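Examination of the molecular architecture
One-letter residues, chain by chain:
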Amino acid sequence: YSTGSPSMIAKMAGAAAVEDTAHFEKSRQAVKDSKAMMYNGFDEMGLEYIRSQSSFVMVNVKHDSETVSDEMWRRRVRISDRGSDHMKGWIRGSAGTKEETQVFLKTLRTVLTKLL
């Protein structure tokens, strides 16, 4: 049973994390680097995207986003297919490590090439 409140251990971990500015800066830089890699990859693939101030990027894959999401998942890469009437064909790519971002971009390129 959960009351929706964080446990005491979670609160203590959160308090410690706030004090760890080195970790915060390292994480922040990793997100910036990942997004830069995504922007470059999307540019190379000729895809429209929305630059972001958060830890994810929206990209127009020019195909049914649910199909792209399913194909990505078959290759063990999980993405969000926004599925909205307002953003048909758009997916959300979350920032990750350099290696995770490389896998995401390579898999996306493979899936989109297959759908052509």
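This structure is a prediction, so every number in the text was calculated from the model and none was measured. (Residues numbered from 1 in each chain as written. Predicted model: local features only at pLDDT ≥ 70, side-chain atom pairs only at ≥ 80, totals over all residues. Heavy atoms only, no water.)

Section: the confidence of the model for the protein chain
- Averaged over every residue, the pLDDT of the protein chain is 91; residues scoring 70 or more account for 96%.
- Put simply, helix 1 (residues 8-19) is where the protein chain has its lowest mean pLDDT, 88, and strand 1 (residues 48-50) is where it has its highest, 97. (pLDDT = per-residue confidence, 0-100. Helix = DSSP H or I, 4+ residues; strand = E, 2+ residues; numbered from the N terminus.)

Overview of unusual backbone geometry
- Positive phi is not limited to glycine here, since Lys62 has a value of about 60 degrees.
- Within the secondary structure, Lys62 is located in the loop between strand 2 (56-60) and helix 3 (65-74).
- Overall, the relative accessible area of 55% leaves Lys62 in the exposed class.
- Here Arg76, not a glycine, exhibits a phi torsion of approximately 70 degrees, which is positive. (Buried < 20%, exposed > 50% of the residue type's maximum accessible area, 1.4 Å probe, protein only.)

Brief notes about the pattern of salt bridges
- The tally for this structure, following the rule as stated, stands at 5 salt bridges.
- Ionic pairing is found between Arg109 and Glu44, a salt bridge with its closest N-O pair at 3.3 Å. Of this pair, Arg109 sits in helix 4 (residues 98-115) while Glu44 sits in helix 2 (residues 21-45), placing them 65 residues apart in sequence.
- Accessibility expressed as a relative area gives 35% for Arg109, which makes it partly exposed.
- Taking the relative accessible area as the measure of exposure, Glu44 reaches 64% and is therefore exposed.
- One salt bridge in this structure joins Arg75 and Glu71, with 2.9 Å as the shortest N-O distance.
- Beyond isolated ion pairs, a larger network of salt bridges with shared partners links Glu71, Arg74, Arg75 and Lys114. (Salt bridge = Lys/Arg side-chain N within 4 Å of Asp/Glu carboxyl O.)

Looking at the nonpolar core
- Core analysis: the biggest nonpolar cluster contains 19 residues, and Phe42, Met72, Phe104 and Leu108 have the highest contact counts within it.
- The greatest single-element share of this core, amounting to 5 residues, is contributed by helix 4.
- Once residues within four sequence positions are removed from consideration, Met72 is found in contact with Val77, Ile79, Phe104, Thr107, Leu108 and Val111. (Core = buried A, V, L, I, M, F, W, Y, C linked by side-chain atoms within 4.5 Å. Contact = heavy atoms within 4.5 Å.)

A word on the sheet that holds strand 3 (residues 90-94)
- Across the sheet, 3 strands lie side by side as 1-2-3; this open sheet has antiparallel pairing. Looking at strand neighbours, the two that pair on one side only are strand 1 and strand 3, the edges of this open sheet. Neighbour-to-neighbour, the strand axes of the sheet open up by a mean angle of 30 degrees, direction not taken into account.
- Here 5 bridges tie strand 2 to strand 3, and the two strands are oriented antiparallel to one another. The partner of Met58 across the bridge, within strand 3, is Arg92.
- Lying on the sheet, helix 2 is in contact with strand 1, strand 2 and strand 3; it crosses strand 2 at an angle near 10 degrees. (Pairing = 2+ DSSP bridges. Axes fitted to C-alpha atoms, helices over the stretch in contact; angles between N-to-C directions.)

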